[in-house]
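The primary structure of each chain is shown beneath.
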Amino acid sequence: MKHQLISCGAILLALLSCNPESPDTTPTPNNQGNGTQTPKILKIAENNLEDAFLVKLGSVPTSEDLSALESALGTCLTPVFPSTPGKETLEHRYGLDRWFQAEVPQEEHLDKMVQKASLLEQVALVEYCAVAQKDVEGGIYEASPATKGTMSGSFNDPYLSYQWHYKNSGDRSVSPSALSGADINVWDVWTSLTCGDPGIVVAVVDEGVKYTHPDLKDNMWVNKDEIPGNGIDDDGNGYIDDVYGFNFVTNGPISWDVVDAQGNGDSGHATHCAGTIAAVNNNGTGVAGVAGGSGNGDGCRIMSCQIFSGNAGGSSSITAKAIKYAADMGASIISCSFGLRVAYASDNAYIKRQGSVEIDAIHYFEDSENANNPVLNGNIAIFSAGNETHDFCHYPGAFYDIISVSAFGPDGLPTYYTNYGPGCNISAPGGEAYHVVNKWNSMVLSTVPSELPQLGVNGEINKTGLNYGYMQGTSMACPHVSGVVALGLSYAKKLGKTFDRDDFKKMILASVNDIDQRIAKTPEKKYAYYQSALNLTPYYHQMGTGAIDAWRLMMHIEGTPTLTAKVGQKQWIDLTSIFGTASISLTYLEVEVQGSAAQSMGLQKIMPTNADKYPAVIDAGGYAYVQFGRLYIHPTLIGSGKIKITAVGGGDHLGGGDNPPGGMELVEEVSLISREADGGNGTGGWL
Amino acid sequence: MMKKVFYLAAALLLALTGCKKEDTPQQSNVLDIAGVWELSSVTTKVNVAGVEVSVYLDFAAGGSFTLYQQIGEGRYTKFTGSYTCTETSVSGSYSSGKPWGPYTATVDASQLVLTSASGKETDTYKKVGSVPASVTGNLY
């Protein structure tokens with residue numbers, strides 16, 4: 001019922017506030033309808049700064065032009081973006097050199113100033129300064145003291161066994177409906193492919209990241225050209241003492257524990273997201289991060305671009321400036337777990353009513369050349385989809401060319417809060433409370449600032465001093481994808497591969513496991529805490545392309561085809577997609593289950609019963625065989641691995657030598673993923 | 001199948017208009033495999049190399065088909081698509097666009113035999129009245 005009420009409210013809000021076809025003449029709190037409205041004004045329905053607004057000029061002003069404009073407006077105009085040497089062309093392409101912030105003097109009124117600015121010929125656009133919200137549900141929830149878990153992984157981080165979002169074993173103590181494999185499938189990537197690369201930098205555009213955190217400090221990006229704490233802009237980039245990033249709210253040091261007397265303010269949000277992306281792995285401490293390295297200094301790096309501080313920040317100008325900083329200082333990914341609560345019905349409605357300074361900055365980021373990232377001709381922005389239970393994504397993540405992330409729980413199903421539908425591109429674990437009573441472990445576990453209070457299992461507020469805690473939200477789903485993308489860039493760099501940025505984004509969206517079969521089989525989702533249930537019917541085919549899978553992305557990067565097997569049953573897998581429609585008639589020479597694949601997927605030994613009559617090639621370990629052009633296996637665990645298959649093309653034996661003419665050797669390395677759901681791309685129909 | 005209907009209609013028309021006998025079209029020999037078929041053996045056994053297989057094929061007269069298959073344990077998976085027949089073979093494609101066949105086919109009132117182009121696999125089906133409810137009610 002909650003879901004339906006919220007959705008109805010959202011639709012009503014969209015209908016009332018977002019009609020992109022109508023002229024902007026409706027009186028609003030920002031525009032009292034005095035008859036002087038001009039099309040230059042971009043307005044928003046709610047929540048904007050009262051003491052500043054933004055103008056985009058029609059051309060880059062000279063100092064004389066600027067002085068004249070300031071006189072006409074009666075206030076100072078400050079460039080939103082400091083210019084970066086060598087990037088003037090890109091800045092100009094996106095008009096960043098034409099954005100200015102105007103302060104509203106105390107004796108003036110915002111709307112009057114906006115009207116005045118809109119009448120100036122040199123002014124192309126006027127924007128109110130919208131304020132975004134963090135996409136987290138609730139606060140920090142207390143983690144139980146770390147003990148050795150039931151699973152053992154590659155790393156010695158004691159909390160890793162509680163991070164079901166990396167490897168979900170279907171533990172019923174996490175959720176009675178926990179689903180094996182409802183995770184990001186990263187363990188096998190760590191084991192055999194990559195754990196990260198210190199050259200790949202992820203900017204967390206958020207609150208301040210606690211860069212002194214014991215599980216983060218070794219993976220923090222460091223601006224080596226800046227001397228800490230000397231009060232000087234040593235590298236001349238316009239920001240003083242920006243060693244680990246910058247606090248764009250206060251223009252001072254990065255902070256993470258600013259809380260008012262009522263307990264409102266910093267929430268630990270950024271530190272939690274940062275830990276998911278790249279908490280230091282295998283350091284015997286706390287949690288693991290998706291791209292946190294192997295414990296040998298090889299983790300991806302975190303840059304803190306602080307746009308929220310205490311109860312301040314989040315405005316579009318601050319956010320845009322922080323995103324440009326990330327681009328200029330070498331971040332390959334921005335992880336943005338925030339968005340606007342205002343519901344916009346389309347990209348045009350968003351641009352028209354919200355403005356474009358953020359979008360200009362995001363496109364500047366994505367198109368920036370990056371010396372740290374030899375893999376792509378650009379960078380990638382990842383946003384959260386929002387927690388309003390809307391049947392559409394919120395902006396800016398909803399923008400057509402930006403990846404936005406919806407959230408699923410440990411049951412592999414949409415969470416009660418996640419946005420879904422148009423604009424939502426992909427899904428990842430966001431955690432979800434209420435699966436079990438008096439436990440928070442169905443949420444996402446990561447690093448938090450020890451200075452902040454945590455909510456105990458009985459609802460009490462504790463000042464625990466703990467460095468780890470649970471949170472939930474699409475805010476937590478977003479950094480999972482950011483971390484996977486960071487791993488992907490690390491792996492591509494290791495292989496010496498390069499990709500077009502847009503092609504890489506398509507690969508990300510194609511690197512998924514099915515989520516819809518599970519939704520289709522579960523009309524209603526129930527919670528331990530509530531008698532009401534969540535109707536899942538509306539979510540079918542609305543959670544983006546599916547659940548992000550790190551292994552699949554690495555296989556896309558390698559160029560290795562991936563087939564999907566269903567865990568827990570003997571089966572054959574059609575090889576048509578590997579060898580073409582002739583697969584059934586090829587002569588096969590060898591099949592080899594490689595590396596740790598048999599262990600990862602728990603492959604049972606499987607032998608053909610009629611091999612004497614019908615040719616079959618059998619893996620040396622007995623874990624797979626090929627017969628009738630099909631691969632026969634029996635996985636018993638959720639996992640991933642590779643199998644090499646050798647066949648003859650153009651004959652029934654290899655040619656050459658004294659043999660009659662024969663064929664050529666075909667060797668194909670095939671990736672296999674075992675999952676609860678049949679992925680549909682490996683097992684074909686009988687015919 | 002549409003082709004066959006067309007030929008029959010044309011034959012009827014020609015008969016009514018009194019054409020000469022030698023002008024009457026020959027009866028089509030295109031295979032008619034319409035009906036519901038249950039897989040009874042693969043080459044010689046239903047038990048394919050240690051993996052239990054259960055397959056029902058429902059070929060509709062209009063050229064569409066529905067396939068229900070159970071490989072190993074678990075529920076049945078349903079596939080749909082289209083098919084065409086010649087005088088000796090059958091081929092088609094799944095709804096996904098993925099092609100299958102051609103199989104060399106022989107058919108009579110009770111049995112359909114499909115042999116792969118390579119000759120390495122022969123699947124024999126027996127005709128049944130309908131797909132059992134235990135199958136259609138046990139889908140993924």
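Definitions and cut-offs
Residues numbered from 1 in each chain as written. Chains lettered and ligands numbered in written order. Predicted model: local features only at pLDDT ≥ 70, side-chain atom pairs only at ≥ 80, totals over all residues. Helix = DSSP H or I, 4+ residues; strand = E, 2+ residues; numbered from the N terminus. Buried ≥ 20, exposed ≤ 12 C-beta atoms within 10 Å, placed from the backbone. Contact = placed C-beta atoms within 7 Å. Rg over C-alpha atoms; globule rule 2.2 N^0.38 Å. Pairing = 2+ DSSP bridges. Axes fitted to C-alpha atoms, helices over the stretch in contact; angles between N-to-C directions. Core = buried A, V, L, I, M, F, W, Y, C linked by C-beta atoms within 7 Å. Left-handed = near helix turned anticlockwise from the far one by under 90°. Nonpolar A, V, L, I, M, F, W, Y, C, P; charged D, E, K, R; others polar.

### Some points on the overall build of chain B
Stage number 1. Summing up its helical and strand segments, chain B has two helices and eight strands in all.
Stage number 2. Relative to its full complement of 140 residues, chain B shows a buried share of 22%.
Stage number 3. Intrachain contacts of chain B at a sequence separation of at least 6 include 40% that bridge at least 24 residues.

### Regarding the overall build of chain A
Stage number 1. Each helix and strand in chain A was counted, giving 15 helices and 33 strands.
Stage number 2. Computed over its C-alpha atoms, the radius of gyration of chain A comes to 27 Å, within 12% of the 26 Å expected for a compact globule of 687 residues.
Stage number 3. Judged by the C-alpha coordinates and their principal axes, chain A covers about 95 × 60 × 55 Å.
Stage number 4. Out of the 687 residues belonging to chain A, those deemed buried represent 56%.
Stage number 5. In chain A, the proportion of contacts linking residues at least 24 apart, taken out of those at least 6 apart, comes to 74%.

### Quick word on the sheet that holds strand β29 (residues 616-618) of chain A
All names here are of chain A.
Stage number 1. In space, the four strands of this open sheet follow the order β27-β31-β30-β29, with antiparallel pairing throughout. With one partner strand each, in any of the chains shown, β27 (571-574) and β29 form the two edges of the open sheet. When strand polarity is set aside, the average angle formed by the axes of neighbouring strands in this sheet is 25°.
Stage number 2. Relative to strand β30 (residues 625-627), β29 is paired through three bridges, and the arrangement is antiparallel. When the bridges of β30 are listed, I618 appears paired with Y625.

### Focus: the nonpolar core
Stage number 1. The biggest cluster of nonpolar side chains holds 196 residues, and the ones touching the most others in it are V202, A203, I302, C305, A326, I334 and I382 of chain A.
Stage number 2. Of all hydrophobic cores here, the second largest spans 22 residues; its members include W686 of chain A together with L57, F59 and Y76 of chain B.

### Observations concerning the packing of helix α6 (residues 269-278) of chain A against helix α10 (residues 474-495) of chain A
Residue and element names in this part refer to chain A.
Stage number 1. Look at α6 against α10: their axes get within 8 Å of each other, and the N-to-C directions meet at 35°. In this structure, the crossing between α6 and α10 has a hand that is right-handed. The residues of α10 that touch α6, namely those facing H269, H272, C273, T276, I277 and A278, are S475, M476, P479, H480, S482, G483 and A486.
Stage number 2. Residues that form the contact of α6 with α10 fall into these classes: six nonpolar, seven polar and no charged.

### A word on the environment of C85 of chain B
All names here are of chain B.
Stage number 1. Mapped onto the fold, C85 is located in strand β4 (residues 77-85).
Stage number 2. Overall, the presence of 22 C-beta atoms within 10 Å leaves C85 in the buried class.
Stage number 3. Considering only alpha carbons, one finds C85 and D32, 53 residues apart in sequence, at a separation of 7.5 Å.
Stage number 4. Those residues within four positions of C85 in sequence are excluded, and the remaining contacts are V30, L31, I33 and V90.

### Overview of the environment of S368 of chain A
Stage number 1. Among the secondary structure elements, S368 of chain A is positioned in the loop between α9 (357-367) and β15 (380-384).
Stage number 2. Taking the C-alpha atoms as reference points, S368 of chain A and H92 of chain A, 276 residues apart in sequence, are found 12 Å from one another.

### Quick look at the sheet that holds strand β26 (residues 562-566) of chain A
Residue and element names in this part refer to chain A.
Stage number 1. Spatially, the four strands line up as an open sheet ordered β26-β33-β32-β28, and their pairing is mixed. The sheet is open, and its two edges are formed by β26 and β28 (587-593), each paired on a single side. Across the sheet, the axes of successive neighbouring strands diverge by a mean angle of 30°, strand direction being ignored.
Stage number 2. Sheet analysis places strand β32 (residues 639-649) next to strand β33 (residues 664-675), joined by 11 bridges and oriented antiparallel. Considered in β33, the bridge of K644 is made with E669.

### Let's talk about unusual backbone geometry
Residue and element names in this part refer to chain A.
Stage number 1. The linkage connecting Y395 with the following residue, P396, adopts the cis geometry, with an omega of 5°.
Stage number 2. Despite not being glycine, T389 has its phi angle at roughly 55°, a positive value.
Stage number 3. Here T389 is to be found in the loop between β15 and β16 (403-408).
Stage number 4. Exposure remark for T389: the 22 C-beta atoms within 10 Å place this residue in the buried category.

Don't take any of this as a statement about function, it's just geometry.
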